[in-house]
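If you want the building blocks of each chain, they are given just below.
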Amino acid sequence: MTGNYYLERMRNQTFQAIDGYDPTANKVFHETLQHHFPGALPMKDYMKQTYNSLDSYGFEDQNTMGMLAICRDEIADALWYEVVKYWGKTFNCCSLAGFVLMGKTGLAAATDHTPIFDGVRRFTFYAMPHIAISKTGEIGKVYREGIHKASHACGALEAIVKELDSGFINLATDMQDIEQSIIRQKILSTIKYGEKPNLVEITKLACRVISQDVEKLLGTLDAAIFKYAVMTGIQIHGPMDTHWIYPQDFYVVGSDLRNGKEEIEVFQIEKQPV
């Protein structure tokens, strides 16, 4: 076992020299990625495009604070590092599966910390669930350093998939598992009786719920004071420590914009339904 693990580790380290974003590397993974998430972009490309696009709207790292709602899972931190890299200080809005559970009190704390320039407080809000795809195309499977078997992403959403498959759903609110209870209730409120979405489908469903929750929560802010940009999508973890984004919503809200809101289309793909 030890010898096999050592050889596998050495093999993986060797492949680190290969560009994991090249479609010829891990071909099965790339085919699976584009089948389920057509148009998904390497995370670094996605972040660069969102940052550059927001420059013309007056967002800069010096006058803007980042806000981020992603899963608590440590492998999701790749997106955290990217947001901090571009936007500097970033308010933690995270919860299981990336759901936005901070509420009005959490939002009040976050917005109270945003800098004021020219009488306007600016922030960017990234909110995304996540999913993993292994090098052999296994959905939800991720191989973490130091763990000899596959683990899961997103485990919180996969638990709901398994509950639906089993036919037994615990609808009680568990105060010792409050986040999972709320996530379960939000997911179940959007599907029809008897439906059993798989992990890809439930992740896309979570993305839609998160997008709606973000819009509703931020809609309580005074547009005369706040100007903000929202980016939603799905964070995807691939082999060789690659990370991807399946982009969905991208818009700016502010009193200086026509109708107070403007959708931004920068990605060279058609916006995909979730």
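Refer to the structure printed above.
Reading the values: the criteria
- Here the residue numbers are simple positions, counted from 1 along each chain's written sequence.
- pLDDT decides what is reported in this predicted model: residues at 70 or higher carry local features, side-chain atom pairs at 80 or more are listed and counted, and totals for whole chains, interfaces and linings draw on all residues regardless.
- Side-chain numbers here rest on the full set of heavy atoms in the structure, without hydrogens or water.
- Two rings belonging to Phe, Tyr or Trp (six-membered ring only in the last case) form a pair when the distance between their centres is within 6.5 Å. Interplanar angles under 30 degrees mark stacking, angles over 60 mark edge-to-face geometry, and anything in between is tilted.
- Going along the chain from the N terminus, every DSSP run of H or I of four or more residues is numbered as a helix, and every run of E of two or more is numbered as a strand.
- Between buried and exposed lies partly exposed: a residue is buried under 20% and exposed over 50% of the maximum accessible area for its type, with that area taken using a 1.4 Å probe on protein chains only.
- Any Lys NZ or Arg CZ found within 6 Å of a ring centre and within 35 degrees of that ring's normal is scored as a charge over the ring.
- Under this scheme, a helix contributes an axis fitted over its contacting stretch, all axes are lines through C-alpha atoms, and angles between N-to-C directions fall in the 0 to 180 degree range.
- Here the angle decides the label: under 35 degrees means roughly parallel, over 145 means roughly antiparallel, 65 to 115 means roughly perpendicular, and every other value means oblique.
- Left-handed describes a crossing in which the near helix is turned anticlockwise from the far one by less than a right angle; the clockwise case is right-handed.
- Whether two residues are in contact is decided by their heavy atoms: any pair within 4.5 Å suffices.
- Gly falls in the polar group here, along with every residue not listed as nonpolar (Ala, Val, Leu, Ile, Met, Phe, Trp, Tyr, Cys, Pro) or charged (Asp, Glu, Lys, Arg).
- At least two DSSP bridges between two strands are needed for those strands to be called paired.
- With the strands aimed away from the viewer, a crossover counts as right-handed if its path from the first strand over the helix to the second runs clockwise.

Applying the stated criterion across every chain yields a total of seven aromatic pairs. Judged by centre distance (4.9 Å) and plane angle (55°), the ring pair of Tyr 21 and Trp 244 falls under tilted. Linking Tyr 21 in the loop between α1 (2-15) and α2 (27-36) with Trp 244 in strand β10 (residues 243-253), this pair joins segments that are 223 residues apart in sequence. On the basis of an interplanar angle of 45° and a centroid distance of 5.0 Å, the ring pair of Tyr 51 and Tyr 86 is categorised as tilted. Placement of the pair is Tyr 51 in helix α3 (residues 43-55) and Tyr 86 in helix α4 (residues 77-87), with a sequence separation of 35 residues. Take Tyr 86: its relative accessible area is 14%, and that puts it in the buried class. Taken together, Tyr 21, Phe 29 and Trp 244 form an aromatic cluster joined through their ring pairs. Cation over ring: Lys 261 sits above Tyr 251, and NZ or CZ is 4.1 Å from the ring centre.

This part is about the packing of α3 against α4. Two packed helices can be described by the angle between their axes and the distance between those axes. Put simply, α3 and α4 touch, their axes get as near as 11 Å, and they point 30° apart. As far as their axial angle goes, α4 and α3 are roughly parallel. Taken as a pair, α3 and α4 cross one another with a handedness that is right-handed. Between α3, through Met 43, Lys 44, Met 47, Lys 48, Tyr 51 and Leu 54, and α4, the contact on the second element is made entirely by Ala 78, Leu 79, Glu 82, Val 83, Tyr 86 and Trp 87. Residue classes in the contact of α3 with α4 are distributed as nine nonpolar, no polar and three charged.

Moving on, we come to the pairing of strand β2 (residues 64-69). Counted residue by residue, β2 has six buried out of six residues, so it is predominantly covered. Here β2 runs beside strand β5 (residues 120-127); their pairing, made up of six bridges, is parallel. Of the residues in β5, the one forming a bridge with Gly 66 is Thr 124. Sheet topology places β2 next to strand β3 (residues 90-92); three bridges connect them, and they run parallel. Among the inter-strand pairings, Leu 68 is bridged to a residue of β3, identified as Asn 92. Regarding topology, α4 serves as the crossover connection from β2 to the parallel β3, and that connection is right-handed.

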